[in-house]
Every structure is written in structure tokens, then in C-alpha cells.
Amino acid sequence: MAVMRGGQSVETVPDKELLSRHANGDPYAFSELVQRHRDRMWAVALRTLGDHEEAADALQDAFLSAYRAAGRFRGDAAVTTWLHRIVVNACLDRIRRRTIRPVVPMGDDATLDSVAPKNPDPTSAHELSLDVSEALQRIPFEQRAALVLVDMMGYAVDEAARVLEVPPGTIKSRCARGRARLAPLLGHLRNQGRGSGVESAEEGGGTSA
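As named in an unreviewed UniProt entry, the protein is RNA polymerase sigma factor SigM, taken from Actinoallomurus spadix.

Dropping the structure here:
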């Protein structure tokens, strides 16, 4: 068990204090933040990108960005909100790169292992079906990101708005449009009585913002 300065166990330190201590040179603080939030950040990256290798790359990029930017954290949002915002931005960056050049595998298994969860998939008990994952890749990124946060990760609309740095009304609108786009793609799942993990357009609040 790592012990920080003053004899306090690292596991009992709040997120914001951990980030502050990391910025001030504590060698254990950032590792503890990674351990606390890695699985949920991995789930966001995987569901947003739909590819394990791409998600691992995005997560590595996100943790590196967070490591370097800790000193600029203003404290006006929860650390988890700040981290998820960085993950979403890292995913968007990788999607933009796809349009410029083919994805080149990182080829560093040790680095992949360091950022990916120790279990093959921490969300395996509630894994999205392949049909849903494929359908998500067919809707615009902004709508996909909103649906992942609200319908899959369980974020409140206001919290998702803080993560994506847009007004709550924009989140509602993106979710509604995303559900409407997914409905015809996933109609067969409903007919088979299979849950999709994403609210349907009929059940998810219609198409109004």
C-alpha cells in the first residue's frame, strides 16, 4: 500500500488533492488516479471508437495529456469530468487522424498493458452487442459521444454537458438525433427482445431537443 507524505494512505486521498499532489511532484498520486478511473475511461474510449487497439491508443494519449496538464486543472469541475473530457477529445483526435492516414499499430505491448484494464474487458458483463457497436460507428461523432455518456455510462445530461463543454440543450438534441438515427439500424434487436444499451428513439424521449 503506497503511503503519501504525512503518512496518509494514497487510497484515502480525494481526487482533487491527488491531482494537486501530482502537480507538486508526488510520485504516487497520478498512479492512484489512473487506478481509480481507468476502467470507466476505457469503457468510454472503447464504446466511442469501437476498436480495442484504437481505444487503447486513445486512452494512452488521454492519460499522457492529463499527466502533463494537471497543473492547469482549475478545480471548477470534478476530476472525473475533467478526465472524461480529455478521453473524449483523444477519441475525436484519433477519428480525425483516420481521415488523414491509416492507423498504425503502436506495437508496444507493455504500454498497452499499462493503460488497458487488467481484465480483457471490464464491461464484459454488460458488453454491447456487435450490432450496437457497429451501428454507433455509423452516426456522427458528436451524437455518439453524447449517447455513450448519457445512455451507456449513465451520466446526467448536465454532467455530460460539462464533459463535452456544450450546453445541456445541445446534449439533449444530440441524444435525440442519435437515437433517431440508431432506431432503424437496431429495430431487429427490439424485435428479438434484446436490449441494446441505447435508448430507442421511441423510448428515449423522442426527437425534440
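Participant: How would you sum up the confidence of the model for the protein? Please name residues and give values.
Facilitator: In the predicted model, the protein carries a mean pLDDT of 78, and the fraction of residues at 70 or more is 69%. The secondary structure element of the protein with the lowest average pLDDT is helix α5 (residues 109–115), at 40, and the one with the highest is helix α3 (residues 52–69), at 95. Between residues 101–129, whose pLDDT stays under 50, and residues either more than four places distant or in other chains, the model counts 41 contacts. Segment residues 200–209 is flagged for pLDDT under 50; beyond a separation of four residues in sequence, or across chains, it makes 19 contacts in the model.

Participant: Residue-level account of the environment of alanine 66, with values.
Facilitator: Residue position: alanine 66 is located in helix α3. Considering only alpha carbons, one finds alanine 66 and tryptophan 82, 16 residues apart in sequence, at a separation of 8.7 Å. Sequence-distant contacts of alanine 66, defined by excluding residues within four places in its chain, comprise Phe30, Trp82, Leu83 and Ile86.

Participant: Quick one: what's the story with unusual backbone geometry, residue by residue and with numbers?
Facilitator: For glutamate 165, which is not glycine, the phi torsion reads 60° and is therefore positive. Within the secondary structure layout, glutamate 165 lies in the loop between α8 (157–164) and α9 (168–191). Among the residues examined, glutamate 165 registers a relative accessible area of 55% and is labelled exposed.

Participant: Now, about the pattern of salt bridges: what can you tell me, with residues and values included?
Facilitator: In total, this model carries 12 salt bridges according to the counting rule given. The partner of glutamate 159 in a salt bridge is arginine 162, and the shortest N-O contact between them spans 2.5 Å. Separated by 3 residues within a single helix, glutamate 159 and arginine 162 lie in helix α8, roughly one turn from each other. Given a relative accessible area of 16%, glutamate 159 falls into the buried group. Shared partners join several salt bridges into a network, and the residues in it are Glu54, Asp57, Asp61, Arg94 and Arg97.

Participant: Account for the environment of glycine 50, with residues named and values stated.
Facilitator: Take glycine 50: it is sitting in the loop between α2 (29–49) and α3. A relative accessible area of 43% places glycine 50 in the partly exposed class. A sequence separation of 82 residues divides glycine 50 from valine 132, and the C-alpha atoms of the two residues are 9.8 Å apart. Other than its neighbours up to four places away in sequence, glycine 50 contacts Ala45 and Gln137.

Each value, and the rule that gives it
- Residues numbered from 1 in each chain as written.
- Predicted model: local features only at pLDDT ≥ 70, side-chain atom pairs only at ≥ 80, totals over all residues.
- Heavy atoms only, no water.
- pLDDT = per-residue confidence, 0-100.
- Helix = DSSP H or I, 4+ residues; strand = E, 2+ residues; numbered from the N terminus.
- Contact = heavy atoms within 4.5 Å.
- Buried < 20%, exposed > 50% of the residue type's maximum accessible area, 1.4 Å probe, protein only.
- Salt bridge = Lys/Arg side-chain N within 4 Å of Asp/Glu carboxyl O.

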